Amino acid sequence: MTNSALDKEDFCRLVEAHQSALYRTARSILSNQQDVEDAVQEALLRITEIIEKIHDPVCPETKALVGMIVEGKALDLYRRRRRKNSRPGF
């Protein structure tokens, strides 16, 4: 993400527009609130990497993209936790 004010403003608009959907999606996959917050934070970090490619922070296509990113992060976290908890001796 570049340091321009427009990018920061767009990121804030994106978070405001999609915050509840981000948490709702992560909660549908993860049961632990800390894991939900971690997945959302990881998704937001990923979004900062691609924010300049997003044309409109509040359009339906952006909502779909944001949803896919948070879903992927939540599933990754779910798999990591499941592998960690299924190891013998733990």
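Values in this document were obtained by computation on a predicted structure and should not be read as measured data. (Residues numbered from 1 in each chain as written. Predicted model: local features only at pLDDT ≥ 70, side-chain atom pairs only at ≥ 80, totals over all residues. Heavy atoms only, no water.)

Peer 1: How do you make sense of the packing of helix 2 (residues 33-50) against helix 3 (residues 60-86) when you look at a structure like this?
Peer 2: For any two helices packed against each other, one specifies the inter-axial angle together with the distance between the axes. At a minimum axis separation of 8 Å, helix 2 and helix 3 run at an interaxial angle of 135 degrees. Judged on the interaxial angle alone, helix 3 and helix 2 are oblique. Considering how the two elements wind past one another, helix 2 and helix 3 form a crossing that is right-handed. Across the interface between the two elements, Asp35, Asp38, Ala39, Val40, Glu42, Ala43, Arg46, Ile47 and Ile50 of helix 2 pack against Leu65, Val66, Ile69, Val70, Lys73, Ala74, Leu77, Arg80 and Arg81 of helix 3. The residue makeup of the contact of helix 2 with helix 3, split by class, is 11 nonpolar, no polar and 7 charged. (Axes fitted to C-alpha atoms, helices over the stretch in contact; angles between N-to-C directions. Helix = DSSP H or I, 4+ residues; strand = E, 2+ residues; numbered from the N terminus. Parallel < 35°, antiparallel > 145°, perpendicular 65-115°, else oblique. Left-handed = near helix turned anticlockwise from the far one by under 90°. Contact = heavy atoms within 4.5 Å. Nonpolar A, V, L, I, M, F, W, Y, C, P; charged D, E, K, R; others polar.)

Peer 1: What should I look at first to understand the pattern of salt bridges in this one?
Peer 2: Side-chain pairing between opposite charges can occur once the charged atoms of the two side chains come close. The tally for this structure, following the rule as stated, stands at 6 salt bridges. The partner of Glu42 in a salt bridge is Arg80, and the shortest N-O contact between them spans 3.5 Å. Note that Glu42 is positioned in helix 2 and Arg80 in helix 3, a separation of 38 residues in sequence. Judged by its relative accessible area of 26%, Glu42 is partly exposed. What makes Arg80 partly exposed here is its relative accessible area of 36%. For Arg79, the salt bridge is made with Asp76, and the minimal N-O distance between the two is 3.5 Å. With Arg79 and Asp76 both in helix 3 and 3 residues apart, this pair spans about one turn of that helix. (Salt bridge = Lys/Arg side-chain N within 4 Å of Asp/Glu carboxyl O. Buried < 20%, exposed > 50% of the residue type's maximum accessible area, 1.4 Å probe, protein only.)

Peer 1: Which parts of the structure should I look at to understand helix 3?
Peer 2: Turn by turn, an α-helix covers 3.6 residues, leaving residues three or four places apart pointing in a common direction. Taking 1.5 Å of rise per residue, 27 residues should cover 39 Å, and helix 3 covers 38 Å from first to last C-alpha, within 8% of that figure. Buried residues of helix 3: Thr62, Val66, Gly67, Ile69, Val70, Ala74 and Leu77, and no others. (Expected span 1.5 Å × (residues − 1).)

Peer 1: Teacher, can you tell me more about helix 2 here?
Peer 2: Counted at 1.5 Å a residue, the expected span for helix 2 with its 18 residues is 26 Å, and the 26 Å between its end C-alpha atoms agrees. Along helix 2, the residues that are buried comprise Asp35, Val36, Ala39, Val40, Ala43, Leu44, Ile47 and Ile50. Among the residues of helix 2, the N-terminal cap falls to Asn32, whose side-chain oxygen and the backbone nitrogen of Gln34 are separated by 2.7 Å. (Polar contact = N/O pair within 3.5 Å; in protein donor to acceptor, adjacent residues only side chain to side chain.)

Peer 1: Can you walk me through the nonpolar core in this structure?
Peer 2: Proteins that are soluble and globular tend to have nonpolar side chains buried together. Ranked by size, the top nonpolar core spans 20 residues in total, and within it Ala26, Leu44 and Ile47 carry the most contacts. Those elements that provide at least two residues to this core are helix 1 (5-29), helix 2 and helix 3. If you tally residues by element for this core, the top one is helix 2, at 7 residues. Beyond its immediate chain neighbours, meaning those up to four positions away, Ala26 contacts Val36, Ala39, Val40, Val70 and Ala74. (Core = buried A, V, L, I, M, F, W, Y, C linked by side-chain atoms within 4.5 Å.)

Coordinates in, geometry out; function isn't part of it.
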